Amino acid sequence: MTPTRSRATTLACSLFLLVLVALAARSVQPPSPLPADAAADQFSAERAFATVEAIGDDVHPHGTPEAAAVRDAIVADLAGLGLDPEVTEGVGMSGRLGDQSRVAATRNVVATIPGTGSTGPVFLVAHYDSAEVSHGANDDGAGVATLLETARAVLAGEPLRNDLVLVFTDAEEACLCGAEAFAHADPRAADGGVVVNVEARGSSGPAIMFETSDGNADLVDAYAHVPYPVGTSMAVEVYRILPNDTDLSPFLDDPDGRFTGLNAAYIDGSATYHAPEDTPDRMSRASLQHHGANMLALARELGDGDAAALATPSAGDATYFPLPGGVLARYPGWLVLPLAVAAAVAVGALAVVLARRREVRGERTTAGTLVLGFVSALLPLVGAVAGSIALWWVMGLVRPGYAEMLDPWRPWAFRVALLGVVATVWTAWFVGLRRSLGGPALAVGALGWLAVLGVVLAAATPGGSYLAALPALAGAVAGLVALTRARGLVGRRVAATLGAAVGVVVLVPVVLLFFPALGLATGAAPAVVAALLGLALTPALAVLWPRGRRRALGLVGGCAAVGVVALVVGFVADPFDAEHPEPTRLAYALDADTGSAHWVSDEGTPSDWTAQFVDTETDLSEPFPMFDHEVHAGDAAAADLPAPVVDVLDTEPAGNARVLTLRVTPGDGAPVGTAGALRYVQLNASGVEGAQVAGRTVPVDGGVLDTRFYAPGEDGFEVTLTVPAGQPLDLRVVAAGGGLEGLPGFVGRPAGVGVAGSHTSELVLVGTSVSL
């Protein structure tokens with residue numbers, strides 16, 4: 001082959017892979033928003049955004065007048081569509097958010113679009129409350145706006161077969177209690193159904209279908225009909241092991257298994273999550289369009305399907321992932337292990353063929369070099385993890401405020417820097433060992449680790465096996481074709497490139513999805529997936545990249561330069577300022593019994609602003625059980641804040657126990673939340689045999705009561721406790737409000753310092769102990 005032809009082949013194959021990278025990346029990008037004058041039966045982000053602007057105008061946590069105003073607006077919008085909305089009152093209870101039980105009186109808004117011959121209900125769910133310090137424009141103003149615009153578009157089109165039940169839940173941020181109350185007691189949920197929950201954990205990015213119920217094959221088939229499917233079975237596997245929950249959780253927790261469901265959210269721009277900066281102006285209209293276009297299509301698909309069948313779990317889970325062109329590839333779960341085994345067999349066969357040849361184009365392929373190549377191929381994976389940790393350490397060293405964030409405000413330059421680190425580790429491994437072991441041995445070693453991981457994941461997390469098994473299978477088959485069927489160097493290069501193409505299509509979307517999902521704070525996850533991509537590309541690199549010291553150093557140096565330049569750009573482009581402040585967390589805790597008060601922060605390392613209030617690490621879990629680990633604290637002046645009050649309404653004997661009926665009320669002038677209401681009252685005690693809060697039974701594992709009631713009014717709430725007869729009960733009661741302004745000694749935040757999106761931000765606690 002002439003040098004010119006060789007270069008042309010290399011260039012063509014390289015360009016093909018680069019174009020494929022771009023197409024794979026495009027497959028997980030949101031669409032352009034449709035204008036307000038779009039067709040009536042289409043979803044328009046511009047129309048929906050008017051709802052977002054109304055909802056995100058103010059902070060509106062559960063139980064506040066602002067939340068009531070949002071609820072009233074939803075009712076008015078539904079009535080304006082010709083529906084008959086109902087505000088349903090209930091009491092929800094959830095133990096999903098940790099070991100503690102949480103209870104709230106809820107007011108859900110529910111409306112039904114009747115079907116022509118319903119086979120079962122399809123529930124479309126979003127919550128209308130915000131986090132304590134957040135405007136909630138994205139979380140979950142996006143969900144509310146999506147449901148309302150979807151309902152309008154559905155009503156403008158042909159009637160659907162099944163009932164669509166629109167459920168706007170209350171108290172999601174507090175305890176998932178609105179969803180739990182609906183699933184537990186609303187008659188429309190009595191027979192179960194299919195649930196689609198709409199969320200946001202950020203301000204931008206694609207709307208990802210990230211969670212499903214078990215046995216999801218039929219639901220995934222339905223989801224595949226949306227216009228812009230973005231989802232991967234690996235995300236479902238990851239989410240199932242994370243301690244995260246949404247309003248879908250209470251439905252899936254149903255002991256009778258009455259519900260199946262899907263969960264969708266956009267998750268990039270996580271710096272706004274639960275923060276005061278979650279305002280309408282920060283929302284990506286493209287993300288809202290993605291949510292809505294998919295939701296409308298899914299509502300129609302489920303609305304015209306067999307809802308009763310879809311509400312029954314399938315025989316197994318599907319493996320699925322996005323492809324260029326808006327296609328969701330999927331195959332049944334029973335194929336996972338056979339494909340993983342086939343990949344391992346194919347890689348083994350490739351190794352045998354190479355070992356028998358002993359040499360390919362002047363590079364050794366003996367059994368010894370193949371074994372060493374396999375062992376060494378672990379280095380890019382280990383190096384990717386180490387590099388991601390080192391990068392985050394450097395970022396935190398230069399800008400300590402990042403330690404309190406999942407991702408920086410403007411993260412993309414840092415993400416490119418991480419990819420540069422991974423690429424540097426991968427190419428350094430390849431060029432550093434190529435002379436001694438040979439490109440073929442390194443290529444087989446890379447495919448070998450993909451095959452091993454494919455089998456391991458097939459056993460442990462089947463939905464993620466495809467990430468390794470498919471690239472390994474494609475790369476090994478391509479290698480066998482190149483060695484046994486391809487003619488000349490051009491044929492071998494084309495075969496290797498086509499094999500690597502499968503890795504690009506499969507892995508590039510997951511790298512991009514894992515960045516916002518897990519953030520640079522846990523950048524090891526996207527770094528490992530990027531390293532898997534490097535392993536999948538190794539056979540192509542072995543035949544496309546020429547040997548030679550200068551070219552080798554140029555490749556590694558180029559990758560390193562990208563990483564360094566991107567890191568510098570990241571620091572320059574992402575300073576903390578008034579619009580993108582450094583997040584800080586500060587609380588105030590007053591023990592009404594002793595008169596002692598503390599400033600409290602659970603920041604890992606207090607920021608310069610926080611450090612003026614706190615000067616030591618201490619354990620405050622006894623007087624304030626919500627701080628269940630050591631926190632930073634400092635002495636504070638005692639504010640004039642009354643403690644909550646416990647009144648005994650009744651005492652009755654019950655065998656060897658006594659039953660106490662109590663009313664717990666916040667004191668007059670008790671700490672109020674940022675939107676004008678008490679956040680919660682927490683109760684802690686030992687030696688409790690049974691408990692009810694507001695009529696709901698709460699767990700007392702090991703005799704320990706640990707519960708909260710959210711947003712109690714001035715009349716408080718009723719508690720029933722069963723305790724051993726003749727023994728006193730020591731009850732710790734802590735009222736939690738919010739808003740530090742006006743407290744003695746508080747100094748306001750300067751520009752560039754903000755409030756973190758946290759349930760402990762701006763928290764004001766007043767605690768007292770009661771002996772009964």
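A brief look at the structure comes next. (Residues numbered from 1 in each chain as written. Predicted model: local features only at pLDDT ≥ 70, side-chain atom pairs only at ≥ 80, totals over all residues. Heavy atoms only, no water.)

Attention shifts here to the overall build of the protein chain. Counting its secondary structure elements, the protein chain contains 21 helices and 26 strands. For 772 residues, the compact-globule formula gives about 28 Å, and the C-alpha radius of gyration of the protein chain, at 29 Å, lands near that figure. The principal-axis extent of the C-alpha atoms belonging to the protein chain is close to 95 × 65 × 55 Å. Burial analysis of the protein chain (772 residues in total) assigns 59% to the buried set. Within the protein chain, counting contacts between residues at least 6 apart in sequence, those at least 24 apart form 80% of the total. (Helix = DSSP H or I, 4+ residues; strand = E, 2+ residues; numbered from the N terminus. Rg over C-alpha atoms; globule rule 2.2 N^0.38 Å. Buried < 20%, exposed > 50% of the residue type's maximum accessible area, 1.4 Å probe, protein only. Contact = heavy atoms within 4.5 Å.)

One pass over the structure, following the stated rule, counts one disulfide. In this model C175 forms its disulfide with C177; the gap between the sulfur atoms is 2.0 Å. Across the S-S bond of C175 and C177 the torsion is about -130°, and the bridge reads as left-handed. Among the cysteines around C13, which has no disulfide bond, C559 carries the closest sulfur, lying 19 Å off. Classification of C13 by relative accessible area gives buried; the value is 7%. (Disulfide = S-S within 2.5 Å.)

Here we take up the pattern of salt bridges. Per the stated rule, a full pass over the model turns up 22 salt bridges. Its salt-bridge partner being R282, residue E579 comes within 3.4 Å of it at the nearest N-O pair. Of this pair, E579 sits in the loop between α20 (549-573) and β12 (582-584) while R282 is found in the loop between β7 (259-268) and α10 (285-303), placing the two residues 297 residues apart along the sequence. For E579, a relative accessible area of 48% puts it in the partly exposed group. Note on R282: relative accessible area 19%, which makes it buried. Residues R732 and D593 are paired through a salt bridge, measuring 3.4 Å at the closest nitrogen-oxygen approach. With R732 in strand β24 (residues 730-738) and D593 in the loop between β13 (587-591) and β14 (597-601), the pair connects residues that are 139 residues apart, well separated along the chain. Looking at R732, the relative accessible area reads 9%, which means it is buried. Looking at D593, the relative accessible area reads 45%, which means it is partly exposed. Residues joined by salt bridges that share partners form a network here, namely R47, E149 and R152. (Salt bridge = Lys/Arg side-chain N within 4 Å of Asp/Glu carboxyl O.)

Bringing the packing of helix α16 (residues 439-460) against helix α19 (residues 524-544) into the picture now. α19 packs onto α16 with a crossing angle of 150° between their chain directions and a minimal axis gap of 8 Å. Between α16 and α19, the angle is such that the two are roughly antiparallel. Of the two elements, α16 crosses α19, and the hand of that crossing is left-handed. Listed contacts from α19 to G439, L442, A443, A446, L447, W449, L450 and L453 of α16 are L532, L535, A536, T538, P539 and A542. Residue classes in the contact of α16 with α19 are distributed as 12 nonpolar, two polar and no charged. (Axes fitted to C-alpha atoms, helices over the stretch in contact; angles between N-to-C directions. Parallel < 35°, antiparallel > 145°, perpendicular 65-115°, else oblique. Left-handed = near helix turned anticlockwise from the far one by under 90°. Nonpolar A, V, L, I, M, F, W, Y, C, P; charged D, E, K, R; others polar.)

A contiguous patch of negative charge, built from E617, D619, E622 and E630, is present on the exposed surface. The topology assignment puts E617 in strand β15 (residues 616-618). (Patch = residues over 30% accessible without salt bridge, like charges linked within 9 Å, V, L, I, M, F, W, Y side chains within 5 Å. Areas by Shrake-Rupley, 256 points an atom, 1.4 Å probe, with all protein chains shown as cover. Lys, Arg positive; Asp, Glu negative; His and termini not counted. Charge placed at Lys NZ, Arg CZ, Asp CG, Glu CD.)

Attention now moves to the packing of helix α12 (residues 336-357) against helix α17 (residues 466-484). In a packed pair of helices, the relevant descriptors are the angle between the two axes and the axis-to-axis distance. Two numbers describe how α12 lies on α17: the axes approach to 8 Å, and their chain directions differ by 30°. With respect to their mutual orientation, α12 and α17 come out roughly parallel. Seen from above, α12 lies across α17 with left-handed handedness. The residues of α17 that touch α12, namely those facing L339, A340, A342, A343, A346, V347, A349, L350, V353, L354 and R357, are A469, L470, A472, L473, A476, G479, L480, L483 and T484. Residues belonging to the contact of α12 with α17 are distributed by class as follows: 17 nonpolar, two polar and one charged.

Counting residues in hydrophobic clusters, the biggest one holds 95 residues, and the most contacted among them are M395, L450, Y466 and L507. If one sorts the elements of this core by residue count, helix α18 (residues 488-518) sits on top with 14 residues. The contacts of L450, once residues within four sequence positions are left out, are A468, A469, P471, A472, L532, L535 and A536. Grouped together as the second largest cluster of nonpolar side chains are 59 residues, V52, A145, L288 and L296 included. (Core = buried A, V, L, I, M, F, W, Y, C linked by side-chain atoms within 4.5 Å.)

On to the environment of A417. Counting through the fold element by element, A417 comes out in helix α15 (residues 412-437). When its relative accessible area of 1% is taken as the criterion, A417 is described as buried. The spatial distance from the C-alpha of A417 to the C-alpha of A181 is 46 Å, given a sequence separation of 236 residues. In this structure A417 touches L391, G563, A566 and L567, once residues within four positions along its chain are discounted.

All right, on to the sheet that holds strand β20 (residues 690-693) then. If you walk across this open sheet you meet the five strands as β17-β18-β23-β20-β21, and the pairing is antiparallel. Either end of the sheet is taken by a strand with one partner, and the two such strands are β17 (645-654) and β21 (696-698). This sheet shows a mean twist of 25° between the axes of neighbouring strands, independent of strand direction. Note: β20 against strand β23 (residues 717-724), four bridges, orientation antiparallel. Within the sheet, the bridge partner assigned to Q692 lies in β23 and is T720. (Pairing = 2+ DSSP bridges.)

Bringing the environment of A441 into the picture now. Its place among the elements puts A441 in helix α16. The spacing of A441 and V133 is 308 residues in sequence and 56 Å in space, taken between C-alpha atoms. Filtering out sequence-adjacent residues up to four positions away, A441 remains in contact with T369, L370 and G373.

This next bit is on the packing of aromatic side chains. For any pair of aromatic rings, the description rests on two quantities: the centre-to-centre distance and the angle between the ring planes. By the definition in use, this model includes 21 aromatic pairs. Between F123 and F182 the ring centres are 5.6 Å apart and the planes differ by 80°, which places this aromatic pair in the edge-to-face class. Of this pair, F123 sits in strand β3 (residues 122-127) while F182 is found in helix α6 (residues 177-185), placing the two residues 59 residues apart along the sequence. When sorted by exposure, F123 lands in the same class as F182, which is buried. Among the aromatic residues, those joined into a ring-pair cluster are W392, Y402, F414, F571 and F576. Across from the ring centre of F49, 3.5 Å away, lies the NZ or CZ of R285, which sits over that ring. (Phe/Tyr/Trp six-rings, centres within 6.5 Å; stacked < 30°, edge-to-face > 60°. Lys NZ or Arg CZ within 6 Å of the ring centre and 35° of its normal.)

Right, let's get into helix α14 (residues 378-398). Between its first and last C-alpha atoms α14 spans 31 Å; for 21 residues at 1.5 Å apiece the expected length is 30 Å, and the two agree. Buried within α14 we find P380, L381, G383, A384, G387, S388, L391, W392 and M395. End-on, the buried residues of α14 take up no more than an arc of 165°, which puts them together on one face. Opposite the buried face of α14, at more than 90 degrees from it, the exposed residues are I389, W393 and L397. Against the buried residues of α14 lie α13 (367-376), α15, α16, α19 and α20. (Expected span 1.5 Å × (residues − 1). Arc of directions from axis to C-beta.)

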